[in-house]
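Breakdown of the fold
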Amino acid sequence: MLFSEIAKTFDRLESTTRRLEMTDILAEFIKTVNPAELREVVYLSVGRLHPDFCPLELGMADKLVLKAIVSVSGKKQSDVDEMWIKLGDPGQVAEQCISKKKQMTLFSEPLTFQTVIDVLSAIEVTTGKDSQDKKMKLLSRLLHESSAVEARYLCRIVTGRMRVGAGSMTLMDALAIAFATKEERPEIERAFNITCDLGLVAETLAAGGMEAVKKIKVSVGSPVKVMLAERLRTLPEIMDKFEGKCAFEYKYDGIRVQAHIKKGADGFVKLYSRRLEDLTSNFPDIAEALKNQLKGNEAIIEGECVAYDPATNTLKPFQNVTHRRKKHGMSQAVEEIPVRIFMFDLLYKDGTDYTLTSYSHRRLMLETSFNDNTEGPYDLVGYSEREIISTEEHAQEFFDKAIAAKCEGIMAKALTDSSIYRAGSRGFLWIKYKKDYTQALVDTFDLAVVGAFYGMGKRAGVYGALLMASYDPDTGRFGTTCKLGTGFDDAFLAALPGMLEAYKSNTKPSSLDAEMVPDVWFLPGLVLEVTAADISLSPIHTAAFGTIKEDSGLGLRFPRFTGKVRDDKTPEQCTTFEEIKEFYELQEERDVQEPVDAVEE
Ligand code: AMP
């Protein structure tokens, strides 16, 4: 396949925001791709050479890419820099610099897809002395042979800016159209949810059809998309939902990890965050303990890593465990911040995929899968505290106990036979209930920063407020929910510009719908936790726009930053429109409220 075919498809995708149109463009294209190349096409469509959980990234610095553009186009460095400041996108700079006239004289052979993959792979693995220069030369080689449109995408790919708007949902729709039926779409999604590898699913589907896709199983080393909880406002509502009986577990305030454990000569332990980052190096002690204490050879378990004081046998607040996420001085952090893992689920063990079995069965198997460690200062591996609840009094008592133990609240879990592990979905098989709900605050929301307003007065010189957005997985679009100006301390305000620098955008991000115009736009990247007094209809915010009332979105009233940076979440994992809508509907008394922006700073 020629690279021009894929570049042409990216260009067509970029020219529309309509999901159905994107699906058709993709389906039509996918059908023409050789199954052996489809896997890489899928990865490349989001600017990668591997599935998301693989840590390898191209990540070339903009300056280096501009240098390559200069060397190929013969333009002056100062002119290219000026274009870069104006356009803010190395892809567009490359496209404009590599003029058609020049191409005709320069390229001899059209660029093949395989050549692009080979050269990009070489860029990815180039490290050490002179690596920057070598990477620049490799990219120049590709640019030399590329057309203007191809150059646009090559430069976006190497700088991590490949967003043509078609997310994994659209890709799966297209795969179903190209190789299966609409009815089989959920099977494709399940295969993706249990492997987190859409390239693998696409290749399997193209080569072996739906029969082969149905055989895809959970396997150690490939992270499974995590199951998520719904929420309800009161404990009696939870008991009603579960028809009077369910399990309650402590809801620990730490970092969720999915541990993949394999013993033997080719053994390994990998700890993945809920956003598929490899956290193994942050919790080497937990990884080691899990491997040592596992009975059997292989397992995938889930648990929450929480900072812990062995002297008093008490849990410590979330902020403590985040110190384990720093890049340097890990051995000191391991010493200074003891951590325990509280395991709450078992997804796989020694050849058996447990994701389609009931919660009670999974829990039973989990509790028989690990040995205790009676040596060492404390046992790093434990199970989440849990009781079967069938009265409201018992529910309240367990919740109070969880809060006294410094947990966030409780997780209620269904005990029915149908209580499978729903990879990648949020549903009422698990229901969370947090302390915040009892303090009139509705809940915390994880929102993406999409803009900033310059500060005034005491906040002059730093960002004074942020424009925050939530996400709609159905359309792949972000919508604003509030202007956030409260809850920041001076140190956080000083650090903000640095945290946001990489996401700065000269224009409104193409995946965002917004009416409010901030001083600076950001691509969705940084996720912050926010509380609010409640949610109201907003004429200016665009989250869930038109779903409750025509010409209104939903906005948070009195939003406040909780102090938690959710760097364990991608912007696509932030609070969804649907959740915000559910919250709105949950608010029983709809007193006449002030319009949302009247109360903001
Ligand atoms: P939230 O982040 O508010 O949506 O709450 C869900 C998170 O609670 C999960 O992703 C886990 O990190 C965490 N959690 C803590 N304890 C448990 C538990 N016992 N069962 C499931 N999740 C838990």
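Refer to the structure printed above.
Residues numbered from 1 in each chain as written. Predicted model: local features only at pLDDT ≥ 70, side-chain atom pairs only at ≥ 80, totals over all residues. Heavy atoms only, no water.

Here the focus is the overall build of the protein chain. Regarding its fold elements, the protein chain presents 21 helices and 22 strands. What you see for the protein chain is a C-alpha radius of gyration of 25 Å, in line with the 25 Å of a compact globule of 601 residues. In terms of overall dimensions, the protein chain has a C-alpha envelope of 80 × 60 × 50 Å along the principal axes. Within the structure as shown, the protein chain displays about 26,600 Å² of accessible surface, and the carbon and sulfur contribution to it stands at 51%. Side chains of the protein chain carry 76 positive and 92 negative charges; the gap between the two charge centres is 4 Å. (Helix = DSSP H or I, 4+ residues; strand = E, 2+ residues; numbered from the N terminus. Rg over C-alpha atoms; globule rule 2.2 N^0.38 Å. Areas by Shrake-Rupley, 256 points an atom, 1.4 Å probe, with all protein chains shown as cover. Lys, Arg positive; Asp, Glu negative; His and termini not counted. Charge placed at Lys NZ, Arg CZ, Asp CG, Glu CD.)

With their axes 9 Å apart at the nearest point, helix H11 (residues 168-179) and helix H12 (residues 185-195) run at an angle of 130 degrees to one another. By the angle between their axes, H11 is oblique relative to H12. In the crossing of H11 with H12, the sense of the turn from one axis to the other is right-handed. Side by side, H11 and H12 meet where Ser-168, Met-169, Met-172, Asp-173, Leu-175 and Ala-176 of the first sit next to Arg-185, Ile-188, Glu-189 and Phe-192 of the second. For the contact of H11 with H12, the class distribution of residues is six nonpolar, one polar and three charged. (Axes fitted to C-alpha atoms, helices over the stretch in contact; angles between N-to-C directions. Parallel < 35°, antiparallel > 145°, perpendicular 65-115°, else oblique. Left-handed = near helix turned anticlockwise from the far one by under 90°. Contact = heavy atoms within 4.5 Å. Nonpolar A, V, L, I, M, F, W, Y, C, P; charged D, E, K, R; others polar.)

Quick look at the site of the ligand now. Taken together, 13 residues lie around the ligand, and Glu-249, Arg-256, Glu-304, Lys-413 and Lys-432 are the ones closest in. Between the ligand and Lys-413 there is a distance of 2.9 Å, counted from a nitrogen atom to a side-chain nitrogen or oxygen. The side chain of Lys-434 places a nitrogen or oxygen atom 3.2 Å from an oxygen atom of the ligand. Using a 2 Å cut-off from the grid points, one finds that the ligand occupies the largest cavity. Those elements giving two or more residues to the shell around the ligand turn out to be strand E2 (246-251), strand E11 (409-413) and strand E12 (426-434). (Near = heavy atom within 4 Å. Polar contact = N/O pair within 3.5 Å; in protein donor to acceptor, adjacent residues only side chain to side chain. 1 Å grid on protein atoms, 1.4 Å probe; cavity = no way out; pocket = protein on both sides within 12 Å on 5 of 7 lines; lining within 4 Å. Sits in = over half its atoms within 2 Å of the grid points.)

Reading across from one edge, E1-E12-E11-E2-E10 is the order of the five strands in this open sheet, with mixed pairing throughout. Two strands bound the open sheet, and with one partner strand each, they are strand E1 (228-231) and strand E10 (386-389). For this sheet, the mean angle separating the axes of adjacent strands, direction not counted, is 40 degrees. Alignment of E2 against E10, held across four bridges, turns out to be antiparallel. Bridge assignment links Cys-246 to a residue of E10, and that residue is Ile-389. Docked against the sheet, helix H18 (residues 359-367) engages E2, E10, E11 and E12, running at close to 55 degrees with respect to E2. (Pairing = 2+ DSSP bridges.)

Glancing now at a negative patch on the surface. A grouping of Asp-240, Glu-392, Glu-393, Glu-397 and Asp-400 is seen on the molecular surface, where their side chains present a negatively charged patch. Of all the elements, helix H19 (residues 392-404) adds the most residues to the negative patch, at four residues. With respect to the element layout, Asp-240 can be found in helix H14 (residues 235-241). (Patch = residues over 30% accessible without salt bridge, like charges linked within 9 Å, V, L, I, M, F, W, Y side chains within 5 Å. Salt bridge = Lys/Arg side-chain N within 4 Å of Asp/Glu carboxyl O.)

This brings us to empty space enclosed by the protein. If you walk through the whole model with that rule in mind, you get three cavities of 30 Å³ or more. A volume near 520 Å³ is recorded for the largest cavity. Around the largest cavity, the lining is made up of 34 residues, and of these Lys-251, Arg-274, Glu-408, Met-411 and Arg-566 lie nearest the centre. Contributions of two or more residues to the lining of the largest cavity are made by E1, E2, strand E3 (255-262), E11, E12 and strand E13 (444-454). Looking at the lining of the largest cavity, the element that brings in the most residues is E12, giving four residues. (Points joined across faces, edges and corners; volume = space filled by probe spheres on them.)

By themselves, these are just geometric observations and shouldn't be taken as functional.
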